[in-house]
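Overview (structure and organization)
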Amino acid sequence: MNKEEEEAGPPNRELYAVLQVSPDATDEEIRKAYRHWAQVYHPDKYQDFHMKEIATQNFQRICEAYEVLSDEYKRQIYDIYGMEGIRSGLELGPMLNKPEELKEVLERLKKRKEQEKMASHFRPSGTILANLSLPQFLDGDGIMGGMAMASEFHSQLSKRNAIAVGGNLEVQENAGGAAASAVLRHQLSPISSIELMGTAGLRALIGLQTTHQLSLHSTATISIAKSLRDGSINLSNTWTRQLSETTSGNIQLLLSSESSISVGWQKKDEKMSAAGELKMGTSSFGASAHYTHRFSSKSHGRIAGRFGSTALEMEVGGGRKVSDFSSVRVLYTIGIQGIFWKFELHRGGQKLIIPVLLSKNLNLAFATGAFLIPTSLYFLTKKLIFKPYYLRREKQKALEIKSKTSVEVKEARLRAEKAQQLLQNVGNRKRNRQAERNGLVIDKALYGSLKALKKRKESTEENGELASEVIDVTIPLNFLVNDSGQLKLHEGVKKSGIMGFCDPCPGEPKQLYVEYTCGGQIFEVIVDDYAEMSIPQEAHRL
């Protein structure tokens, strides 16, 4: 899991971790967990003043967690807004005492959130396309071959009605044209919608389209459009079906002066996306496909091709995310229309696309050089300049975060160590009892930075800098092993909230690494911060 995913991950449900219950736990499960942990940390159990002080601090955490999670309305607030919502009264001024009042406020907040969400549905988008021609420039006719601009915005008028308005302008040598369009969409029901569309300009037409969900996995769309220029009518029918969790297919039938039938499919998951289409028409045919592979959360590679009666070309390239909202892409295209380099800048819903025609002739030597020389320069620049720069920047960011949170982390480690002191005696007894039964024994458990855990495993030498990014949690995990010789950590709960744990590296993705023995066998498992862990399991055997 990368850093962006960590920051955008599930909420920090620390109170659930304190009581060691699932976010879906029932009231009875919460009460049972509270009684158990209250006994463990009750100050009266300890005679030593130092231990009593530690127990008191942890007992207060247990009581605070139970106070919030046992109250239906406080729990609702906590699940949505966290402890800030509890402490600030949801930023509503005086705390509300009556459940009815609180429920009313929650409904009002929910409605306001829906309104804010609706306002965010005003989404503008646009594309600027600038065609450049190197042969034309060399002939002295200027480098600009043509230009096109398109702009559109979508707005949610109400819960069921939306509108999209757009326009485009195109200039090619001495010719040009423009068009404007509008689409009004109405949601008839949860499974049906209807759209009224109209365009003015070069392709003036009016049309009607309706979409209906036939089943859980199938959708049908029927549209009719009439040209205002020649009166011709176009009819189309599209069927789409979800073939699997990541794959869908579609069939489209078009009846017009250029009738055709096309079959396509799309597949998309975390690592790749691909699509293909085969189209057969009365006067043409064609096939196209593309494949995009994501090397990381920031970079991807792409290969695409088109073949048919009007096109024959192949495209290869890649792109990179340069900020939270911006990405760049460079593509190399070779086909019957010539050899191109295409540069794209995407920012939000805006695109700038610059195709550069390098040559109209398909010369093998030129085509090879046009691909290899810029590609080699890119990888050399990336390796020698950009990669070292980004590594330095990431390292500097990590150092800044570490410096800002050093006091907080130090205090959190101290609290975790104190909690482990309380758990140690019982944890050791449980460990010895399990060892006698040949049951579940946690031999080593480390929680912290994903990078630090990976480097520790690869290197046998102890590194002080890496050690500061992890915390040993062997004692609390042995304590959590139940009498049946099993241990479960719930999904969706950040593990740093578990008693005896802490977050040693705020802002960094974290994992939990566990070595354990059971039945005389050695096991090993590593899980992400919010993932469920249930041991022992045969799949963990070394």
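Report follows, based on the coordinates.

Rules used throughout
Residues numbered from 1 in each chain as written. Predicted model: local features only at pLDDT ≥ 70, side-chain atom pairs only at ≥ 80, totals over all residues. Heavy atoms only, no water. Helix = DSSP H or I, 4+ residues; strand = E, 2+ residues; numbered from the N terminus. Patch = residues over 30% accessible without salt bridge, like charges linked within 9 Å, V, L, I, M, F, W, Y side chains within 5 Å. Areas by Shrake-Rupley, 256 points an atom, 1.4 Å probe, with all protein chains shown as cover. Salt bridge = Lys/Arg side-chain N within 4 Å of Asp/Glu carboxyl O. Lys, Arg positive; Asp, Glu negative; His and termini not counted. Charge placed at Lys NZ, Arg CZ, Asp CG, Glu CD. Buried < 20%, exposed > 50% of the residue type's maximum accessible area, 1.4 Å probe, protein only. Pairing = 2+ DSSP bridges. Axes fitted to C-alpha atoms, helices over the stretch in contact; angles between N-to-C directions. Expected span 1.5 Å × (residues − 1). Bend = angle between axes of the 7 residues up to and from the residue. Polar contact = N/O pair within 3.5 Å; in protein donor to acceptor, adjacent residues only side chain to side chain. Core = buried A, V, L, I, M, F, W, Y, C linked by side-chain atoms within 4.5 Å. Contact = heavy atoms within 4.5 Å.

Digging into the environment of A539
As for its placement among the helices and strands, A539 is situated in the segment after β23 (533–535). Remark: the alpha-carbon pair of A539 and E524, spanning 15 residues in sequence, is separated by 9.1 Å.

Describing a positive patch on the surface
On the surface, K45, R429, R433 and R437 cluster together to form a positively charged patch. With respect to the helices and strands, K45 occurs in the loop between α3 (27–41) and α4 (49–69). With relative accessibility at 55%, the residue K45 sits in the exposed group.

Regarding the sheet that holds strand β22 (residues 521–528)
Taken in spatial order, the four strands of this open sheet run β19-β18-β21-β22, and their pairing is antiparallel. Two strands bound the open sheet, and with one partner strand each, they are β19 (470–472) and β22. Averaged over all pairs of adjacent strands, the angle between strand axes in this sheet comes to 15 degrees, irrespective of strand direction. Bridge analysis of strand β18 (residues 441–449) against strand β21 (residues 510–518) gives eight bridges, and the strand direction is antiparallel. Of the residues in β21, the one forming a bridge with Y447 is L512.

Focus: the pairing of strand β12 (residues 285–294)
Alignment of strand β11 (residues 272–281) against β12, held across nine bridges, turns out to be antiparallel. Opposite M280, over in β12, you have F285 as the bridge partner. Bridge count between β12 and strand β13 (residues 299–308): nine bridges; the pairing is antiparallel. Of the residues in β13, the one forming a bridge with A287 is F307. Turn length for the β12-β13 hairpin, with the two strands adjacent in sequence and antiparallel, is four residues.

Side note on helix α8 (residues 364–436)
In this model, α8 (73 residues) spans only 75 Å end to end at C-alpha, well below the 108 Å of a helix rising 1.5 Å per residue. A maximum bend of about 55 degrees is found in α8 at T405. Two to three positions downstream of the cap, the backbone nitrogen of A365 sits 3.0 Å from a side-chain oxygen, assigning the N-cap of α8 to N363. N438 sits one or two residues past α8 and shows a positive phi near 65 degrees.

Some thoughts on the pattern of salt bridges
Per the stated rule, a full pass over the model turns up 13 salt bridges. The closest approach of N and O atoms between D27 and R75, which form a salt bridge, is 4.0 Å. Here D27 is found in helix α3, whereas its partner R75 is found in helix α5 (residues 72–88), with 48 residues between them in sequence. Residue R75 is classed as buried on the basis of its relative accessible area of 12%. D503 is the salt-bridge partner of K510, the closest N and O atoms lying 3.4 Å from each other. By relative accessible area, K510 is classed as buried at 1%.

Re the nonpolar core
Counting residues in hydrophobic clusters, the biggest one holds 54 residues, and the most contacted among them are I442, L477, L487, L512 and V514. The dominant element in this core, judged by the number of residues it contributes, is α4, at eight residues. Leaving out residues up to four positions away in the same chain, L477 has contacts with I442, A445, L487, L489, F501, L512 and V514. With eight residues, the next largest nonpolar core counts L132, W341, L358 and A370 among its residues.

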